Amino acid sequence: MSRYAARPGEEVPPIDEAHRKVLGPIEVPQRILMGPGPSNAHPRILNAQSLPLLGHMHPPFLKIMDDIQEGLRYLFQTNSKYTLLISGTGHNGMEASIANLIEPGETILIGTNGIWGERVATMAERYGANVVQMKVAPGGSFSQEDFKKSLAEHKPAVLFLVQGESSTGVHQSLAGVGDLCHEHGTLLVVDSVASLGGVPFFADKWGVDCSYSGSQKCLSAPPGAAPFMLSERAFQKVQNRKVPPQTYALDINLIGDYWGWFNKRFYHHTGPISTFYALREALTLVAEEGLENMWKRHQDMATQLWEGLSKLGLEPYPAKEEDRIITVNTVKVPEGVDWAALIKNAMDTYSVELSGGLGPSVGKVWRVGVMGYNARPQNIELVIAAFRDGLQKQGKLPLSQ
């Protein structure tokens, strides 16, 4: 007999104990996460994750998936059948949209005003798309005229936009964009990772064909599941592809079959069961509060933030008020201020996470998240106090202010 369950002929040498470390129970420090995400999770959502595991094809779990789909319809404001969670973070939602809606050789028009447009351009190139980028300086957004001109010139299969560009703090208006796209036979894909639940979003009314988001921002859940929706137009595009998507893991037909899009259930992968529990609870919290109340709370907290920051002499990065996203606020770093030292002081003194810039805004801004469970008055006051203290310690504010 072989030792333990080794197969005949397999050598079973002495176990190497060099890396056996008994670490004890995990300990995690308390932090208030007021950066661009993740945000702190709601206690009810954390409790939901501790519930017993179910099998990923058990009827009670499939019912939870059905509940999630209905909650996503409310969140996205759509009547589409085609809602689900992509297993993984918002990046997986991003890649799923590109992999499924663009075929090799087709043109995708990308509105690039920060890092996320740049990242989608890289992804789309890898999937064989003809990539055309509309560009505007960081801190700015695109106009109706920009869309009219570029859609007429390039006739893309897809227009990709970011509603809340978290690297630059820009809120892209979607007014009239869906209608313009459909006049040209173009699908409208919108990244709503940093905005969904914090600002108005109406997929059906605004003509959005595909959107994906993240669980760890305004929804107050841990990262690991990406809300995702398709319109009927987008669904038909997927159904009528000339070649299958160049991905199995993110093939939306196969994932949709797991979620019951075709009135049956097909095993595609083992869904992250506890993460889906978290999203089910998060969507319940959205429904309990109501979208209008949720949007108002985020607006009120952003207003409170800027009332406090402006008294410290701080200014927003986007020049135009209509270009500023309220969920990830970008704050200009004043001349002569060590932005990294202020962030370190906020963490060391207040256990508050603030963030520096990303991509084109590195070294130019701080980023302050006002999202989900963290969009509460006491957290905003703590952020303002951290900025005040950090500026005073650098001699940029009088100690009495």
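Rules used throughout
- Residues numbered from 1 in each chain as written.
- Predicted model: local features only at pLDDT ≥ 70, side-chain atom pairs only at ≥ 80, totals over all residues.
- Heavy atoms only, no water.
- Helix = DSSP H or I, 4+ residues; strand = E, 2+ residues; numbered from the N terminus.
- Rg over C-alpha atoms; globule rule 2.2 N^0.38 Å.
- Contact = heavy atoms within 4.5 Å.
- Areas by Shrake-Rupley, 256 points an atom, 1.4 Å probe, with all protein chains shown as cover.
- Lys, Arg positive; Asp, Glu negative; His and termini not counted.
- Charge placed at Lys NZ, Arg CZ, Asp CG, Glu CD.
- Pairing = 2+ DSSP bridges.
- Phe/Tyr/Trp six-rings, centres within 6.5 Å; stacked < 30°, edge-to-face > 60°.
- Buried < 20%, exposed > 50% of the residue type's maximum accessible area, 1.4 Å probe, protein only.
- Core = buried A, V, L, I, M, F, W, Y, C linked by side-chain atoms within 4.5 Å.
- Expected span 1.5 Å × (residues − 1).
- Axes fitted to C-alpha atoms, helices over the stretch in contact; angles between N-to-C directions.
- Parallel < 35°, antiparallel > 145°, perpendicular 65-115°, else oblique.
- Left-handed = near helix turned anticlockwise from the far one by under 90°.

A. View of the overall build of the chain. Within the chain, the regular secondary structure consists of 13 helices and 14 strands. The C-alpha atoms of the chain give a radius of gyration of 23 Å, which matches the 21 Å a tight globule of 401 residues would have. Dimensions of the chain, computed from C-alpha atoms along their principal axes, come out at roughly 75 × 65 × 40 Å. Expressed as a percentage of contacts within the chain between residues at least 6 apart in sequence, the contacts between residues at least 24 apart total 72%. In the form shown here, the chain has an accessible surface area of approximately 18100 Å², with 54% of it arising from carbon and sulfur atoms. The positive charge centre, built from 37 side chains, and the negative charge centre, built from 41, are 2 Å apart in the chain.

B. Looking closely at the sheet that holds strand β13 (residues 355–356). One open sheet holds the 3 strands; their spatial order is β11-β14-β13, and the pairing between them is antiparallel. With one partner strand each, in any of the chains shown, β11 (328–332) and β13 form the two edges of the open sheet. One ladder, built from 5 bridges, connects β11 with strand β14 (residues 365–369); its direction is antiparallel. The residue of β14 that forms the bridge with Val331 is Trp366.

C. Molecular detail of the packing of aromatic side chains. On inspection of all chains with the given rule, the structure shows 13 aromatic pairs. Consider the rings of Phe61 and Tyr277, whose centres lie 6.4 Å apart with planes at 65 degrees: the pair is edge-to-face. Of this pair, Phe61 sits in helix α2 (residues 59–76) while Tyr277 sits in helix α10 (residues 273–289); the two residues are 216 residues apart in sequence, bridging distant segments of the chain. Here the two residues Phe61 and Tyr277 agree in accessibility, since each one is buried.

D. Structural detail: the nonpolar core. Of all hydrophobic cores here, the largest spans 86 residues; its most connected members are Ile108, Leu230 and Trp259. Counting residues per element, this core draws most heavily on α10, which supplies 9 residues. Beyond its immediate stretch of four places on either side in the chain, Trp259 contacts Met65, Ile68, Gln69, Leu84, Leu85, Arg265 and Phe276.

E. Just helix α11 (residues 291–311), in detail. For α11, built from 21 residues, the straight-helix expectation of 30 Å at 1.5 Å per residue is met to within 8% by its first-to-last C-alpha distance of 31 Å. Among the residues of α11, Leu291, Met294, Trp295, His298, Met301, Ala302, Gln304, Leu305, Trp306, Gly308 and Leu309 are the ones counted as buried. Here the buried face of α11 lies against α2, α10, β11, β14 and α13 (377–393). Immediately beyond the C-terminal end of α11, within one or two residues, lies Gly313, with a positive phi of roughly 85 degrees.

F. Fine view of the packing of α11 against α13. The contact between α11 and α13 brings their axes to 10 Å, and the two run at 25 degrees. Relative to α13, α11 is oriented roughly parallel. As α11 packs across α13, the resulting crossing turns out to be right-handed. Only Pro377, Ile380, Glu381, Val383, Ile384 and Phe387 of α13 make contact with α11, whose side of the interface consists of Met301, Gln304, Leu305, Gly308 and Leu309.

G. Inspection of unusual backbone geometry at higher detail. Put simply, Gly37 and Pro38 share a cis peptide bond, and its omega is 5 degrees. Note on placement: Pro38 falls in the loop between β1 (32–33) and α1 (43–49). Although it is not a glycine, Lys155 adopts a positive phi angle of roughly 45 degrees. Position of Lys155 among the secondary structure elements: in the loop between α5 (144–154) and β5 (158–162). Classification of Lys155 by relative accessible area gives exposed; the value is 59%. Its identity as a non-glycine residue notwithstanding, Ser351 has a phi of 55 degrees, on the positive side. Look at Ser351 and you get partly exposed, because its relative accessible area is 26%.

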